[in-house]
Amino acid sequence: MKIVVVGGTGLIGSKLVAKLGEDGHEAVAASPRTGVNTLTGQGLAEVLTDAQVVVDVSNSPSFEERAVLEFFETSTRNLLAAEAAAGVGHHVAMSVVGTERLPENGYFRAKIAQEKLIEKSSIPFSLVHATQFFEFVRSIADEATEGDTVRMAPVLFQPIAGDEVAQAVGRVSVGSPLNGRIEIAGPEQFRMDEFFRDVLAGWGDPREVVTDVHARYFGSEVGERTLVPGGGATLGRIRYRDWPGRTAAKK
């Protein structure tokens, strides 16, 4: 099949394009780097010619509340319209576990808006909700840092390796449309504060991880199970302690 991967030059997209190509599909990376801009519509008609599936793993270049909403709404509208014109039969989008539980968060609210547009379109679809990636562990710690202190809430956290995210999205993209969602997560649940305390110690990082029930996760307070999937989630096999990139995450 010809499968167009929007955001195909990013972390997950590049892994997905490689995997689909290895499996014998014509996987095409679509991003501003390859001349495709979903915000303006540039290059969409051309890249979608003869495509059976579109996978959207793109992300907003800005996380500012209004900018991120405009990105997901505008790019998704443009993409769905171009897919309808091209006769695409399956739209796959990656989203975030817990999106519906954090509507006060600007980023999550934008993802909800994106999903509603997809659900209301005429194109059969599948939504893949993933937990946070191993690759972003350091950025999560940095976001929660105040001086020499990292404030983390004592809530559940179940990160997943980016390679396994790409594998899961790939399986969905070559299957029949779900017209619904699945959740994917890593094989282990941790308490977030304890996880980061152990990880920073392993890095030799001098920052102190402080447990704070009011600590914010990218601007929002979270409940005990906000960031983890419900029952029936597809779980990866790679444990964080066995992940090859764990040592590369050290500065």
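Novice: Describe in detail the packing of helix α3 (residues 65-86) against helix α4 (residues 106-120), supporting the description with residues and values.
Specialist: Contact geometry of α3 with α4 gives a least axis separation of 8 Å together with a crossing angle of 15 degrees. Relative to α4, the element α3 is oriented roughly parallel. α4 is crossed by α3, and the crossing has right-handed handedness. In this structure, α3 contributes Glu-65, Val-68, Leu-69, Phe-72, Glu-73, Thr-76, Arg-77 and Leu-80 to the contact, and α4 contributes Gly-106, Tyr-107, Arg-109, Ala-110, Lys-111, Ala-113, Gln-114, Leu-117 and Ile-118. By residue class, the composition of the contact of α3 with α4 is nine nonpolar, three polar and five charged.

Novice: Tell me about the nonpolar core, and name the residues and values.
Specialist: In summary, soluble globular proteins display a tendency toward joint burial of nonpolar side chains. Grouped together as the largest cluster of nonpolar side chains are 31 residues, with contacts concentrated most on Met-152, Met-192, Phe-196, Leu-200 and Tyr-240. For this core, the elements supplying multiple residues, two or more each, are α3, α4, α5 (137-143), β7 (149-152) and α7 (192-203). Ignoring anything within four residues of it in the chain, the contact list for Met-152 reads Ile-140, Ala-141, Ala-144, Met-192, Asp-193, Phe-196, Val-209, Val-210, Thr-211, Asp-212 and Ala-215. Counting 21 residues, the second largest nonpolar core, distinct from the first, contains Val-5, Leu-20, Val-53 and Val-169.

Novice: So what's going on with the sheet that holds strand β14 (residues 234-235)? Which residues, and what values?
Specialist: Here we have seven strands laid out as an open sheet, ordered β2-β1-β3-β4-β5-β9-β14, and parallel in their pairing. Looking at which strands have only one partner, the edges of the open sheet turn out to be β2 (26-30) and β14. In terms of strand pairing, strand β3 (residues 53-56) meets strand β4 (residues 90-96) through four bridges, oriented parallel. Its bridge partner being in β4, Val-55 is matched across the sheet by Val-92. Sitting on the sheet, α4 is in contact with β3, β4, β5 (125-130) and β9 (181-185), with an inclination near 160 degrees to β4.

Novice: Quick rundown of α7? Include the residues and the values.
Specialist: With 12 residues, α7 ought to run about 16 Å at 1.5 Å a step, and its terminal C-alpha atoms sit 16 Å apart, in line with that. Restricting attention to buried positions, one finds in α7 the residues Met-192, Asp-193, Phe-195, Phe-196, Val-199, Leu-200 and Trp-203. Take α7 and look down its axis: the buried residues cluster within an arc of 155 degrees, on one side only. For α7, the exposed residues lying more than 90 degrees away from the buried face are Asp-198 and Ala-201. In this structure, the buried residues of α7 make contact with α5, β7, β8 (156-157), β10 (190-191), β11 (208-211) and β12 (216-217).

Criteria and thresholds
Along each chain, residue indices are assigned from 1 in the same order as the chain's sequence is written. Given that the model is predicted, a residue must reach a pLDDT of at least 70 before its local features are reported, and side-chain atom pairs must reach 80 or more before they are shown or counted; all residues, however, enter totals for whole chains, interfaces and linings. Water and hydrogen atoms were dropped before computing side-chain values, which therefore reflect all heavy atoms in the structure. Fitted lines through C-alpha atoms serve as axes, helices being fitted only where they are in contact, and the angles separating the N-to-C directions of these axes extend from 0 to 180 degrees. Secondary structure elements follow DSSP: runs of H or I no shorter than four residues count as helices, runs of E no shorter than two count as strands, and numbering proceeds from the N terminus. Each angle is binned into one of four classes, with values under 35 degrees roughly parallel, values over 145 roughly antiparallel, values of 65 to 115 roughly perpendicular, and all other values oblique. Each crossing gets its handedness from the near helix: less than a right angle anticlockwise from the far helix is left-handed, clockwise is right-handed. Here a residue-residue contact requires only that any non-hydrogen atoms of the pair lie within 4.5 Å. All amino acids are sorted into three groups, where Ala, Val, Leu, Ile, Met, Phe, Trp, Tyr, Cys and Pro are nonpolar, Asp, Glu, Lys and Arg are charged, and the leftover types, Gly among them, are polar. We define the nonpolar core as a collection of buried residues of types Ala, Val, Leu, Ile, Met, Phe, Trp, Tyr and Cys that are connected through side-chain atoms lying within 4.5 Å of one another. Here the term buried applies to any residue with accessible area under 20% of the maximum for its type, exposed to any over 50%, and partly exposed to those in between, with areas from a 1.4 Å probe on protein chains only. Any two strands are treated as partners once DSSP identifies two or more bridges connecting them. Multiplying one less than the number of residues by 1.5 Å gives the expected span of a helix. Each C-beta atom gives one direction from the helix axis, and the arc is the one those directions make.

Everything listed here is a matter of coordinates, which is why it stays silent on function.
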